[in-house]
Amino acid sequence: MTRLVLDHLTNWITAAASEHSLDLATHVEERTGASHRAAMAALKRLVDAGWLTRSGTARRPVFSPGSLRQVARSYTLHGLQEDLPWQRDFAPHFALPKHVERMVQHGFTELVNNAADHSGGSSVTVSLRQTPTHVQLLVSDDGCGVFDKICTAFQLEDTQHAMLELSKGRLTSAPDAHTGRGLFFSSQLADVFDIHANNTAYQRRAWESSGWRKGRALPRQGSSIYMAISLNTTRTLDGVMEAWSIQGDGIEFDQTRVQLRLLTTDGQALDSRAAARRVGSRLTTFKRAEIDFDGVMDVGHGFTDELFRVFAKANPQVELVAVNATPRIEALVKSARAG
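Note that the structure is a prediction, hence the values are computed from the model and not measured.

Caption draft 1: Representation of the overall build of the protein within the structure. Along its length, the protein carries 13 helices and 12 strands. Summarising its shape, the C-alpha atoms of the protein cover approximately 85 × 40 × 35 Å along the three principal directions. Expressed as a percentage of the 339 residues in the protein, the buried residues total 50%. For the protein, restricting intrachain contacts to residue pairs at least 6 apart in sequence, the fraction spanning at least 24 positions comes to 64%. Counting only carbon and sulfur atoms, one obtains 49% of the accessible surface of the protein, whose full area is about 16,400 Å². With 38 positive and 37 negative side-chain charges, the protein shows a separation of 4 Å between the mean positions of the two kinds.

Right under this line is the structure:
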């Protein structure tokens, strides 16, 4: 049996082992058309690779999922209820620490719901994989692409501006039905988080202070969102939500961080009032916003004046806090505030 066939088997062997532990070889034969000998040979290789464990006797083997587990399923988006695939097709077949399972459930349901409600596509494919160290979730739809959707809904001119808005959180094209928390908090839960949509990609690594940065895009239509969480993480869903709440209770999502490097490229200054207005867009939905200058080496007087004087005076209920600024930028911010 070739590696290609084994790779195909790993998409469904975890669930099959859970549901057919006493007759797994027969199930594989019926599903693939393979001979009994070929099925048993494949199961042995899957045991050796860690996808299955075997107990029982030589004549009556009992199989169960191993340390490597994976379920991959595709769904029609029309009428899809995102909690049912999780409860029925995925959760029963994985053995995750409880706090990790809670975070994965949150990401799974939010990302599948986003595909159903916002992508405009017809189908979504979901893959969940567990290794001895990580759990990995991939949700891919065939819709219009998340960045194009944001640009259309908010009249933005390019995907760079769409990513800036997405990174702030509380962004939704359907405010009557959604709060804009789902994608934002899913990204904060993960150690690795990638967004691919229509030849554009951004990625976030939890261990990097720089936050979001451009990635290498996949050549496909629609959106693919990948998140990976370490099984030994100390991160929790409640802890992440509390971090973005001023009161620290996780109830309100009332503070954010604006990553200015998403507006510029290396070595380019932020010099315009238009750029400052893009930064200030939707900040009135928050009580506190950290303006993160990490990776920004220079700004102009117009930028700092528009944001830290004009916007600040018009919206005194929003606390603007400059972080990771160079001494020169700190001086410009101070001057603008004084003006």
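Caption draft 2: Examining helix α6 (residues 98–118) more closely. Taking 1.5 Å of rise per residue, the 21 residues of α6 would be expected to cover 30 Å, and the 30 Å separating its terminal C-alpha atoms lies within 8% of that figure. Taken as a whole, α6 has its buried residues at Val100, Met103, Val104, His106, Gly107, Phe108, Thr109, Leu111, Val112, Asn113, Ala115 and His118. Backbone geometry just downstream of α6 places Gly120 in the positive-phi region, at approximately 70°.

Caption draft 3: Structural detail: the nonpolar core. Core analysis: the biggest nonpolar cluster contains 78 residues, and Ile291, Phe293, Phe303 and Leu320 have the highest contact counts within it. Looking at this core, the element that brings in the most residues is α6, giving seven residues. Here Phe293 is in contact with Leu260, Val299, Phe303, Phe308, Ala322, Val323, Asn324, Ala325, Ile329 and Val333, once residues within four sequence places are set aside. Membership of the second largest hydrophobic core comes to 17 residues, among which are Ile13, Ala16, Leu52 and Phe63.

Caption draft 4: Inspection of the pattern of salt bridges at higher detail. One pass over the full model with this rule turns up 19 salt bridges. Arg73 is the partner of Asp89 in a salt bridge, and the nearest nitrogen-oxygen pair spans 3.3 Å. A residue pair is termed long-range when its members are at least 10 positions apart, and Asp89 in helix α5 (residues 83–90) and Arg73 in strand β3 (residues 69–76) qualify at 16 residues. Among the residues examined, Arg73 registers a relative accessible area of 35% and is labelled partly exposed. Ionic pairing is found between Arg282 and Glu165, a salt bridge with its closest N-O pair at 2.7 Å. Of the two residues, Arg282 is situated in the loop between α11 (273–280) and β11 (288–292) and Glu165 in helix α8 (residues 159–168); the sequence distance between them amounts to 117 residues. An identical accessibility class is assigned to Arg282 and Glu165; each is buried. What emerges from the salt-bridge pattern is a single network uniting Arg257, Arg288, Glu290, Asp292 and Glu319.

Caption draft 5: Structural view of the layout of surface pockets. The calculated volume of the second largest pocket comes to roughly 350 Å³. Lining the second largest pocket are 20 residues, with Gln188, Arg204, Trp244, Arg257 and Asp292 positioned closest to its centre. The greatest single-element share of the lining of the second largest pocket, amounting to four residues, is contributed by strand β10 (residues 255–259). Here the residues of the lining of the second largest pocket sort into five nonpolar, eight polar and seven charged.

Caption draft 6: How the structure looks around the pairing of strand β2 (residues 61–65). In the sheet, strand β1 (residues 52–56) pairs with β2 via five bridges, with the strands oriented antiparallel. Within β2, the residue paired with Ser55 across the bridge is Val62. In this antiparallel pair of consecutive strands, β1 and β2, the connection spans four residues.

Caption draft 7: Layout of helix α7 (residues 146–154). If you check which residues of α7 are buried, you get Val146, Phe147, Ile150 and Cys151. With its buried residues spanning 135° around the axis, α7 presents them on a single face. Packed against the buried residues of α7 are α8, α9 (182–189), β6 (192–197), β7 (200–205) and β9 (223–230). Where α7 ends, the next residue or the one after it, Gln155, has phi of about 55°, a positive value.

Caption draft 8: Inspection of empty space enclosed by the protein at higher detail. Within this structure, the stated rule accounts for one cavity of 30 Å³ or more. Taken as a whole, the largest cavity holds about 40 Å³ of empty space. Taken together, Met163, Leu166, Ser167, Leu183, Phe184, Ser187, Ile195 and Trp212 form the lining of the largest cavity. Where the lining of the largest cavity is concerned, the elements lending two or more residues are α8 and α9. By residue class, the composition of the lining of the largest cavity is six nonpolar, two polar and no charged.

Caption draft 9: Seen up close, the sheet that holds strand β12 (residues 319–323). Spatially, β10-β11-β12 is the arrangement adopted by the three strands of the open sheet, whose pairing is parallel. Two strands in the sheet have a free side with no partner beyond their single neighbour: β10 and β12. Averaged over all adjacent pairs, the angle separating strand axes in this sheet is 20°, with direction ignored. Of the pairings in the sheet, the one linking β11 to β12 comprises five bridges and is parallel in character.

Caption draft 10: Expanded view of the sheet that holds β7. Strand order in this open sheet of seven strands is β3-β4-β5-β9-β6-β7-β8, and the pairing throughout is antiparallel. Strand pairing shows two members of the sheet lacking a second neighbour, β3 and β8 (213–214), which therefore form its edges. Pairing geometry for strand β5 (residues 134–141) and β9, over seven bridges, is antiparallel. Among the inter-strand pairings, Val139 is bridged to a residue of β9, identified as Ile225. Here α6 sits on the sheet and contacts β4 (123–130), β5 and β9; the angle it forms with β5, its principal contact strand, is near 5°.

The rules behind the values
- Residues numbered from 1 in each chain as written.
- Predicted model: local features only at pLDDT ≥ 70, side-chain atom pairs only at ≥ 80, totals over all residues.
- Heavy atoms only, no water.
- Helix = DSSP H or I, 4+ residues; strand = E, 2+ residues; numbered from the N terminus.
- Buried < 20%, exposed > 50% of the residue type's maximum accessible area, 1.4 Å probe, protein only.
- Contact = heavy atoms within 4.5 Å.
- Areas by Shrake-Rupley, 256 points an atom, 1.4 Å probe, with all protein chains shown as cover.
- Lys, Arg positive; Asp, Glu negative; His and termini not counted.
- Charge placed at Lys NZ, Arg CZ, Asp CG, Glu CD.
- Expected span 1.5 Å × (residues − 1).
- Core = buried A, V, L, I, M, F, W, Y, C linked by side-chain atoms within 4.5 Å.
- Salt bridge = Lys/Arg side-chain N within 4 Å of Asp/Glu carboxyl O.
- 1 Å grid on protein atoms, 1.4 Å probe; cavity = no way out; pocket = protein on both sides within 12 Å on 5 of 7 lines; lining within 4 Å.
- Points joined across faces, edges and corners; volume = space filled by probe spheres on them.
- Nonpolar A, V, L, I, M, F, W, Y, C, P; charged D, E, K, R; others polar.
- Pairing = 2+ DSSP bridges.
- Arc of directions from axis to C-beta.
- Axes fitted to C-alpha atoms, helices over the stretch in contact; angles between N-to-C directions.

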